[in-house]
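These are the residues of each chain, in order.
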Amino acid sequence: TTASCESRRRVLGKGMEGNGTSIRLVTRSSKLALWQTEHVRDLLLGIYPTTKIEILPVKTLGDLVLDKPLSEIGGDGVFTKELDRALLSGAADAAVHCVKDLPTRLPDGLRMACILERGDVQDCVIFHAKHRSAGVQSFSDLPEGSIIGTSSLRRTAWLSRASGRKLQFRDIRGNVQTRMAKLDSGDYDAIVLAATGLRRVGLADRVHEIGRMFRGSCSRCITKELRKSAEPNDLCCVL
């Protein structure tokens, strides 16, 4: 709860006010990942405004290899291993992730420090402009044979059953902007993304329909990952 978070911040933060401490936050380099990290930075600065906070963007294997499904390039950890290495080497003090990107078991020497308040858990459908101009308002309005872009087996399974029609589901990779560009270029008739992600990168106007799908586990949750050796009163432990 908000109250318990505030209490924890007060306890962890004793003795650090105005001490000029600095912290390095490592993150993926996508616009959405940077939004998440800047959000964490702003929360920290709201408690300790004199703290120097440096954001270190890196590209992960999952960001670099976009022509293969995630299952073919390593599965767990494809968006986190480079950040983990920065933490374990001491190049960064904390890493900011979306919880769903983390493997079930974290590497030895690392731990999750917190999970921030969850964002809107809804998925949304974004239609190509040709369908919008034709009056398509809902997923059920798409013609049979339409190509739907999603990299999520959960979304594919749900929508293929719920639609009751023959649709083509094709893998789509890349960050939010890359996927939107693929849609706009005509590669897909519609794509499915997290509504929260679109809003966080300033694309709320592209949310065409909120989908009634099973929620993705840990999606829309931001976490901060630390070395296990971090002391409880270290600034990177606050939040």
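*Asks:* What exactly am I supposed to notice about the overall build of the protein here?
*Replies:* Each helix and strand counted, the protein has 8 helices and 10 strands in total. Of the contacts formed within the protein by residues at least 6 apart in sequence, a portion of 69% connects residues at least 24 apart. If you sum the accessible surface of the protein, you get close to 12,100 Å²; carbon and sulfur atoms cover 52% of it.

*Asks:* Is there a simple way to explain the pattern of salt bridges in this structure?
*Replies:* Two side chains that carry opposite charge are able to pair once their charged atoms sit near each other. Under the criterion given, the structure shown has 11 salt bridges. A salt bridge links E82 to R85; the nearest nitrogen and oxygen atoms lie 3.6 Å apart. With E82 and R85 both in helix α4 (residues 81–89) and 3 residues apart, the pair spans about one turn of that helix. With a shortest N-O distance of 3.4 Å, K130 and D189 are connected by a salt bridge.

*Asks:* Would you take a moment to explain the sheet that holds strand β4 (residues 110–115) for this structure?
*Replies:* Two strands in a sheet stick together by hydrogen bonds in their backbones, pointing the same way (parallel) or opposite ways (antiparallel). One open sheet holds the 5 strands; their spatial order is β2-β1-β3-β10-β4, and the pairing between them is mixed. The open sheet has two edge strands, β2 (52–58) and β4, and neither has a second partner. Across this sheet, the average inter-strand angle for adjacent strands is 30°, counted without regard to direction. Sheet analysis places strand β1 (residues 22–28) next to strand β3 (residues 94–98), joined by 2 bridges and oriented parallel. The residue of β3 that forms the bridge with V26 is A95. Helix α2 (residues 31–47) contacts β1, β2, β3 and β10 (222–227) of the sheet and is inclined by roughly 160° relative to β1. In the packing of α4 onto the sheet, contacts are made with β1, β2, β3, β4 and β10, and the angle to β3 comes to roughly 160°.

*Asks:* Just checking my understanding: could you explain the side chain of D123 for this structure?
*Replies:* Mapped onto the elements of the fold, D123 is located in strand β5 (residues 123–127). Note on D123: relative accessible area 3%, which makes it buried. Side-chain polar atoms of D123 contact the side chain of R154, separated by 3.0 Å.

*Asks:* Would you mind going over the confidence of the model for the protein with me for this structure?
*Replies:* Low pLDDT means the predicted atomic positions in that stretch should not be read closely. Per-chain confidence: the protein averages 84 in pLDDT, with 83% of residues scoring 70 or above. Across the protein, the secondary-structure element scoring lowest on mean pLDDT is helix α1 (residues 2–12), at 45, and the one scoring highest is β2, at 96. In this model, residues 1–5 is a region of pLDDT below 50 whose contacts with residues beyond four sequence positions or in other chains number 0 contacts. The low-confidence segment residues 7–20, where pLDDT is below 50, has 22 contacts with residues more than four positions distant or belonging to other chains.

*Asks:* Would you mind going over the pairing of β2 with me for this structure?
*Replies:* One face of the sheet, then the other: side chains in a regular strand alternate in exactly this way. Bridging between β1 and β2 involves 7 bridges; their strand directions are parallel. By the bridge assignment for β2, L25 is matched with I55. A crossover connection joins β1 to the parallel β2 through α2; in handedness this β-α-β unit is right-handed.

*Asks:* Please clarify how the pairing of strand β8 (residues 190–194) should be interpreted in this entry.
*Replies:* Counting buried positions along β8 gives 5 out of 5 residues, so the element sits mostly inside the fold. Residues A190, V192 and A194 line one face of β8 and the alternating positions I191 and L193 line the opposite face, and both faces are buried. Of the pairings in the sheet, the one linking β5 to β8 comprises 5 bridges and is antiparallel in character. Following the sheet pairing, D123 is matched in β8 by A194. The sheet contact formed by strand β6 (residues 147–149) and β8 spans 2 bridges and is parallel. In the strand pairing of β8, G149 is matched with I191.

About the thresholds
- Residues numbered from 1 in each chain as written.
- Predicted model: local features only at pLDDT ≥ 70, side-chain atom pairs only at ≥ 80, totals over all residues.
- Heavy atoms only, no water.
- Helix = DSSP H or I, 4+ residues; strand = E, 2+ residues; numbered from the N terminus.
- Contact = heavy atoms within 4.5 Å.
- Areas by Shrake-Rupley, 256 points an atom, 1.4 Å probe, with all protein chains shown as cover.
- Salt bridge = Lys/Arg side-chain N within 4 Å of Asp/Glu carboxyl O.
- Pairing = 2+ DSSP bridges.
- Axes fitted to C-alpha atoms, helices over the stretch in contact; angles between N-to-C directions.
- Buried < 20%, exposed > 50% of the residue type's maximum accessible area, 1.4 Å probe, protein only.
- Polar contact = N/O pair within 3.5 Å; in protein donor to acceptor, adjacent residues only side chain to side chain.
- pLDDT = per-residue confidence, 0-100.
- Right-handed = clockwise from strand over helix to strand, strands pointing away.

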